[in-house]
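# A look at the structure
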Amino acid sequence: DAGVTQSPTHLIKTRGQQVTLRCSPKSGHDTVSWYQQALGQGPQFIFQYYEEEERQRGNFPDRFSGHQYPNYSSELNVNALLLGDSALYLCASSWTAINTEAFFGQGTRLTVV
Amino acid sequence: QKEVEQNSGPLSVPEGAIASLNCTYSDRGSQSFFWYRQYSGKSPELIMSIYSNGDKEDGRFTAQLNKASQYVSLLIRDSQPSDSATYLCALYPYTGRRALTFGSGTRLQVQP
């Protein structure tokens, strides 16, 4: 049973560029949440997708957008990259029932130069 | 006040000792609590979940929950150097958000 997979694992982008990160959830899971983790901090919630809709959103600007496909896989897009967007981006999958366990992919380390 | 508070550490314990990691939270209505382990440069790995007051044991790990005191803890018995990592406390807030809220983590160092 494949767990949560993310791609790519590492990425270097230039300020002002756009980036797309991808996530495939764990088998049987239908909900995907994206988090940003800066060094020394806990993960910060970006948004959550369920049934191809953004269900909830954290305190992130509109430069951060996403998508979920019918097979439950998801993308995170960040436009107009800033140096401060450099972080570990984490995808977590869970089952839609409230308060269920969430499992993380290996993450994408994004560096903006 | 942060929603989830953890001492950043580092918490240093000798090999074989019990490591005690603590977490307090502000939302009294929170129902579900989780402990994740994160090795340096890696993603968080779920190690324990707890939903009811009291203790829950899984191998060398024991999670403790006290909703009245808004307090969650993780005990690691017979600590090993391989337990050296950052431990993140997480919960689902009662306020309706269906995504986890995390503390900033406690760094544990187990000395051989």
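Remark on secondary structure: sheet strands pair via backbone hydrogen bonds, oriented parallel or antiparallel. Overall, antiparallel pairing links the five strands, which are arranged β1-β3-β8-β7-β6 (chain B) in an open sheet. At either margin of the open sheet sits one strand with a lone partner, and together these are β1 (4-5) and β6 (54-58) of chain B.

One pass over the structure, following the stated rule, counts two disulfides over all chains. Here Cys23(A) engages in a disulfide with Cys91(A); their sulfurs sit 1.7 Å apart. The sign of the -50° torsion about the S-S bond sets the Cys23(A)-Cys91(A) disulfide as left-handed. Placement of Cys23(A) in strand β3 (residues 19-24) and of Cys91(A) in strand β9 (residues 87-94) is noted, with a sequence separation of 68 residues between them. Residue classification places Cys91(A) among the buried residues on the basis of a relative accessible area of 0%. There is a disulfide in this structure between Cys23(B) and Cys89(B), and the S-S distance comes to 2.1 Å. Across the S-S bond linking Cys23(B) and Cys89(B), the dihedral sits near -70°, which makes this disulfide left-handed. A residue pair is termed long-range when its members are at least 10 positions apart, and Cys23(B) in strand β3 (residues 19-25) and Cys89(B) in strand β9 (residues 85-92) qualify at 66 residues. You'll find Cys23(B) and Cys89(B) in the same group, each marked buried.

Let us look at the pairing of β9(A). Residues and elements named next belong to chain A. Counted residue by residue, β9 has eight buried out of eight residues, so it is predominantly covered. Taken together, the seven bridges between strand β4 (residues 31-37) and β9 define a ladder with antiparallel strand orientation. When the bridges of β9 are listed, Tyr35 appears paired with Leu90. In terms of strand pairing, β9 meets strand β11 (residues 108-112) through three bridges, oriented antiparallel. In the sheet register, Tyr89 faces β11, and the bridge partner there is Thr108.

Moving on: the nonpolar core. By size, the foremost hydrophobic cluster in this structure holds 23 residues, and its most contacted members are Trp35(B), Val72(B), Leu74(B), Ile76(B) and Tyr87(B). Where this core is concerned, the elements lending two or more residues are β3, β4 (32-38), β5 (45-50), β7 (61-66), β8 (71-76), β9 and β11 (106-111) of chain B. Counting 20 residues, the second-largest nonpolar core is a separate cluster that includes Val32(A), Trp34(A), Ile46(A) and Leu81(A).

So, about the interface of chain A and chain B. Taken together, the contacts link 24 residues of chain A with 21 residues of chain B. At the boundary of chain A with chain B, total buried surface from both sides reaches about 1,700 Å², with 51% on carbon and sulfur atoms. Linking chain A to chain B there are zero salt bridges. The interface formed by chain A and chain B includes six residue pairs in polar contact (both at pLDDT 80 or more). Within the residue set of the side of chain A that touches chain B, elements represented by two or more residues are β4, β5 (44-50), β6 (53-57), β9 and β10 (103-104) of chain A. It is β4(A) that provides the largest number of residues to the side of chain A that touches chain B, a total of three residues. Across the side of chain A that touches chain B, the residue classes tally to nine nonpolar, 13 polar and two charged.

Rules behind the numbers
The residue numbering used here restarts from 1 in each chain and proceeds along that chain's sequence as written. Going through the entries in the order they are written, you letter the chains from A and number the ligands from 1. The predicted nature of this model means local features are confined to residues of pLDDT at least 70 and side-chain atom pairs, given and counted, to a pLDDT of 80 or more, with totals for whole chains, interfaces and linings taken over all residues. Excluded from the side-chain calculation are hydrogens and water; included are all heavy atoms of the structure. We call two strands paired when DSSP finds no fewer than two bridges between them. Put simply, DSSP marks the helices as runs of H or I at least four residues long and the strands as runs of E at least two long, and each gets a number from the N terminus on. Note on terminology: disulfide denotes any pair of cysteine sulfur atoms within 2.5 Å. We call a residue buried when its accessible area falls under 20% of the maximum for its residue type, exposed when it is over 50%, and partly exposed in between, using a 1.4 Å probe and counting protein chains only. As used here, the term nonpolar core means buried Ala, Val, Leu, Ile, Met, Phe, Trp, Tyr and Cys residues forming a set that is joined through side-chain atoms within 4.5 Å. Pairs of residues are marked as contacts when any of their non-hydrogen atoms sit within 4.5 Å. Buried area: the accessible area, evaluated with a 1.4 Å probe, that two parts lose upon being put together, summed over both parts. What counts as a salt bridge is simple: a side-chain nitrogen of Lys or Arg found within 4 Å of a carboxyl oxygen of Asp or Glu. Whenever a nitrogen or oxygen atom comes within 3.5 Å of another N or O atom, the pair is scored as a polar contact, on the condition that within protein one atom can donate a hydrogen and the other can accept it, and that pairs from neighbouring residues in sequence are kept only if both atoms are in side chains. Three categories are distinguished: nonpolar for Ala, Val, Leu, Ile, Met, Phe, Trp, Tyr, Cys and Pro, charged for Asp, Glu, Lys and Arg, and polar for the others, with Gly belonging to the last.

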